[in-house]
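The chain contents come next:
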Amino acid sequence: MPVRDIRSLLRLLHDRGELAVIEAEVDPHLELAEIHRRVIAAGGPALLFTNPKGHDIPVVTNLFGTADRATIAFGGRPKQFVEGLVDLVHRFPPTAGTLWGARDLVRQGLAIGTRKVRRAPVMEVVEAPRLDRLPMITSWPLDGGAFVTLPLVYTEHPDTHVPNLGMYRIQRHSPTTTGMHWQIGKGGGFHHAVAQARGDDLPVSVLVGGPPALVLSAIAPLPENVPELLLASLLVGERLRTTDGPAAHRLVADCEVALVGRVRPHDVAPEGPFGDHYGYYSWTHDYPVLHVDHVARRRKPIWPATVVGKPRQEDLFIGDYLQDLLSPVFPLVMPAVRDLWSYGETGYHALAAAVVQERYRREAMGAAFRVLGEGQLALTKFLWVLDQPVDLKDPKAVLPELLRRFRPETDLYVLSNLSMDTLDYTGPRVNEGSKGVMLGVGEPWRELPRHFSGSVPAGITDVAVFCPGVLVVSGPSWKEEPALAERIAGAFEDWPLVVVADEATRTASTSTRFLWTTFTRFEPAADLYATRTRVHRHHLVREGSILIDARFKDEYPDELFCDPDTARKVDDRWKAYFPDGGVEMGDSDAGHLDEA
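A brief report on the enclosed structure follows. (Residues numbered from 1 in each chain as written. Predicted model: local features only at pLDDT ≥ 70, side-chain atom pairs only at ≥ 80, totals over all residues. Heavy atoms only, no water.)

Right, let's talk about the overall build of the chain for a bit. The helix and strand inventory of the chain stands at 18 helices and 28 strands. Expected size for 596 residues packed as a compact globule is a radius of gyration near 25 Å; at 25 Å, the chain falls within 12% of this value. Across its three principal directions, the C-alpha atoms of the chain cover 70 × 70 × 50 Å. The buried share of the chain, reckoned over its 596 residues, is 58%. Accessible surface, the chain: about 24100 Å² in total, of which carbon and sulfur atoms supply 51%. (Helix = DSSP H or I, 4+ residues; strand = E, 2+ residues; numbered from the N terminus. Rg over C-alpha atoms; globule rule 2.2 N^0.38 Å. Buried < 20%, exposed > 50% of the residue type's maximum accessible area, 1.4 Å probe, protein only. Areas by Shrake-Rupley, 256 points an atom, 1.4 Å probe, with all protein chains shown as cover.)

With that settled, the discussion passes to empty space enclosed by the protein. Evaluation of the coordinates by the stated rule reveals five cavities of 30 Å³ or more. One number sums up the size of the largest cavity: a volume of about 100 Å³. Surrounding the largest cavity, 13 residues form its lining, Tyr-280, Leu-423, Tyr-425, Thr-520 and Pro-557 being those nearest its centre. Among the residues making up the lining of the largest cavity, the classes are represented as eight nonpolar, three polar and two charged. (1 Å grid on protein atoms, 1.4 Å probe; cavity = no way out; pocket = protein on both sides within 12 Å on 5 of 7 lines; lining within 4 Å. Points joined across faces, edges and corners; volume = space filled by probe spheres on them. Nonpolar A, V, L, I, M, F, W, Y, C, P; charged D, E, K, R; others polar.)

Below, the discussion takes up the environment of Arg-487. Within the secondary structure, Arg-487 is located in helix H14 (residues 484-487). Here Arg-487 falls in the partly exposed class, since its relative accessible area comes to 41%. For the pair Arg-487 and Glu-271, spaced 216 residues apart in sequence, the C-alpha separation works out to 40 Å. When sequence neighbours within four positions are dropped, the list of residues in contact with Arg-487 reads Pro-457, Ala-458, Gly-459 and Glu-481. Looking at Arg-487, its side chain comes within polar contact range of the main-chain oxygen of Ala-458, at 2.8 Å. (Contact = heavy atoms within 4.5 Å. Polar contact = N/O pair within 3.5 Å; in protein donor to acceptor, adjacent residues only side chain to side chain.)

Right, let's talk about the packing of helix H2 (residues 31-41) against helix H18 (residues 564-577) for a bit. In contact at an axis separation of 10 Å, H2 and H18 are set at 70° when each is read in the N-to-C sense. Taken as axis vectors, H2 and H18 run roughly perpendicular relative to one another. Contact with H2, carried on its side by Glu-31, Glu-34, Ile-35, Arg-38 and Val-39, involves Thr-566, Ala-567, Lys-569, Val-570, Asp-571, Arg-573, Trp-574 and Tyr-577 of H18 and no other residues of that element. Here the contact of H2 with H18 is built from residues that sort into six nonpolar, one polar and six charged. (Axes fitted to C-alpha atoms, helices over the stretch in contact; angles between N-to-C directions. Parallel < 35°, antiparallel > 145°, perpendicular 65-115°, else oblique.)

Strand order in the open sheet formed by five strands is S24-S25-S26-S28-S27, with mixed pairing between adjacent strands. Because the sheet does not close on itself, it has two edges, and the strands there are strand S24 (462-467) and strand S27 (528-536). When strand polarity is set aside, the average angle formed by the axes of neighbouring strands in this sheet is 25°. (Pairing = 2+ DSSP bridges.)

Attention now goes to the pairing of strand S12 (residues 240-244). The buried count for S12 comes to four of five residues, which makes it a mostly enclosed element. Pairing between strand S4 (residues 114-116) and S12: three bridges, direction parallel. From the neighbouring strand, Thr-114 faces S12, where its bridge partner is Leu-240. Alignment of S12 against strand S13 (residues 250-252), held across three bridges, turns out to be antiparallel. Bridging across to S13, Thr-242 finds its partner in Val-252. Remark: five residues form the turn of the hairpin made by S12 and S13, two consecutive strands paired antiparallel.

Another aspect to go through is the nonpolar core. Core analysis: the largest hydrophobic core is formed by 68 residues, its most contacted members being Leu-63, Leu-214 and Leu-383. When residues no more than four places from it in sequence are discounted, the contact partners of Leu-63 are Ile-6, Leu-9, Leu-10, Leu-13, Ala-46, Arg-69 and Glu-314. (Core = buried A, V, L, I, M, F, W, Y, C linked by side-chain atoms within 4.5 Å.)

The next thing to look at is the pattern of salt bridges. For the coordinates displayed, the defined rule picks out 44 salt bridges. With its nearest N and O atoms 3.1 Å apart, the salt bridge here joins Glu-256 to Arg-298. Remark: Arg-298 occurs in the loop between strand S17 (285-297) and strand S18 (303-304) and Glu-256 occurs in the loop between S13 and strand S14 (257-271); sequence separation between them is 42 residues. Residue Glu-256 is classed as buried on the basis of its relative accessible area, which comes to 0%. Overlapping salt bridges, with partners in common, bring together Asp-5, Arg-7, Glu-256 and Arg-298 in one network. (Salt bridge = Lys/Arg side-chain N within 4 Å of Asp/Glu carboxyl O.)

What follows deals with unusual backbone geometry. At the junction of Gly-272 and Pro-273, the peptide bond is cis and its omega measures out at -5° in the coordinates. With respect to the secondary-structure elements, Pro-273 resides in the loop between S14 and strand S15 (274-275). Arg-312 follows Pro-311 through a cis peptide bond whose omega is 0°. Tracing the backbone shows Arg-312 in the loop between S18 and helix H10 (314-326). The backbone of Asn-431 shows a phi angle near 75°, a positive value even though the residue is not glycine. With respect to the helices and strands, the residue Asn-431 is situated in the loop between strand S22 (412-419) and strand S23 (432-440). For Asn-431, a relative accessible area of 22% translates into the label partly exposed.

Here it is as structure tokens:
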């Protein structure tokens, strides 16, 4: 049966033993988030908090916090539909027999869309805004306030009325206003820009809850004019129920709560800090303000929330499910790209890998440009490119295959002065930075070292092998010796890739920690070095080893950690949360970073 709303999902999870109910009073300010982090770190269940302090609305978190729960919420049928659709396109023009064989696919396609209903749960109560009555959570000690962390922000283009559904964090400013964190490259922000140029308000509806498919659709990297509600309908397996709301937009009928209002053209306010999915705080910046005119809700709503931070958190399981769902489409949209994966361990935009066709010399670079020009993939900071099949999800499989073929003189490109993800603070300014592309195509030409032996330069205190060809070293901090990577660039010529980190052994201990440490703490134009460099035909030729300086720099935002008072509080109250036991307490500071 379709999972039409949060309540349907909760019933499914309860029946499968995947839901823990916490009846003890829990503070939405810091305490609730720390409980969530410890449970997800141990691979534990979804959490229903029935008694959030100061509120009479229950809060549910960790709905999607394992691969199994993501599959329960979103189902396996959509992937079969996508694969069938791609197969049908490959057999175009179809014969009568082909169409008959695809009749179930056609039937499913005809069921995609929306349908209007008169009576809807989300419209059971319509009232003036009192946002302080909603149990928005504060996740980290330096956060600027309480946030809606699973917001589904609906807007329409002022001219074409083509809708957009996106997930942009919402900070509560007052009982009637919130921030609207529209980052660059986001559809809602484009709609606001059009309205702003005219001096017009932009109507906005922030949906909370409803079919879980809305969450997946809101983060999907769909082409700009493809409505996300169509993908949601596909995931649900039927037309999405909508209803007239109290203002300009229809609302998704089965949502729990809807904040209905408008963003004025030039009204901004400081937003943040916020502990984000890169594992660090994003700083305070001015963002548009949403003026809420109405709150529509169920008579007894449930408030879904999530917590982001160092990987692996709940958002990673959602993102990986989405990538698996859309993977058959990538070769259709980008014909030279056979496989593609973005790494949630790095915040997704910091690193991606692609397997491409190399039918003639350097064709692979054309495919790399195609990837870097496609929608939200355009914000990718570093891209590995191979032409041989490999499990892209496993960096210990990808890097040796790439490095056996990689020639630093011709196969490393750094592109400066480009846009970069808003949440990546490794560049010189917000939204600006550089990109790197590393090619590993053609026949292997070298054997990779697997063990380190020999002397090390002065100051190097730790050396660890991550995988064949990749060495991690540590020594003085960036503050103590900013030029360390440049000084030691010639010391490890047998190793094609050397990462300079603050803690070498720890960084190399797991794939998750290696990816997170390396690619969230360096910017290609500022932090890449080689044994020797020279300019030839306007190309910077790099020879010998390539070094990445992934030490923590002074200008970076703080890493996310729970504050000591909240940590002690959760330690002391764990049995009150789970009096029957059965829920393991994980390490919230390490998350899944140290899992093999």
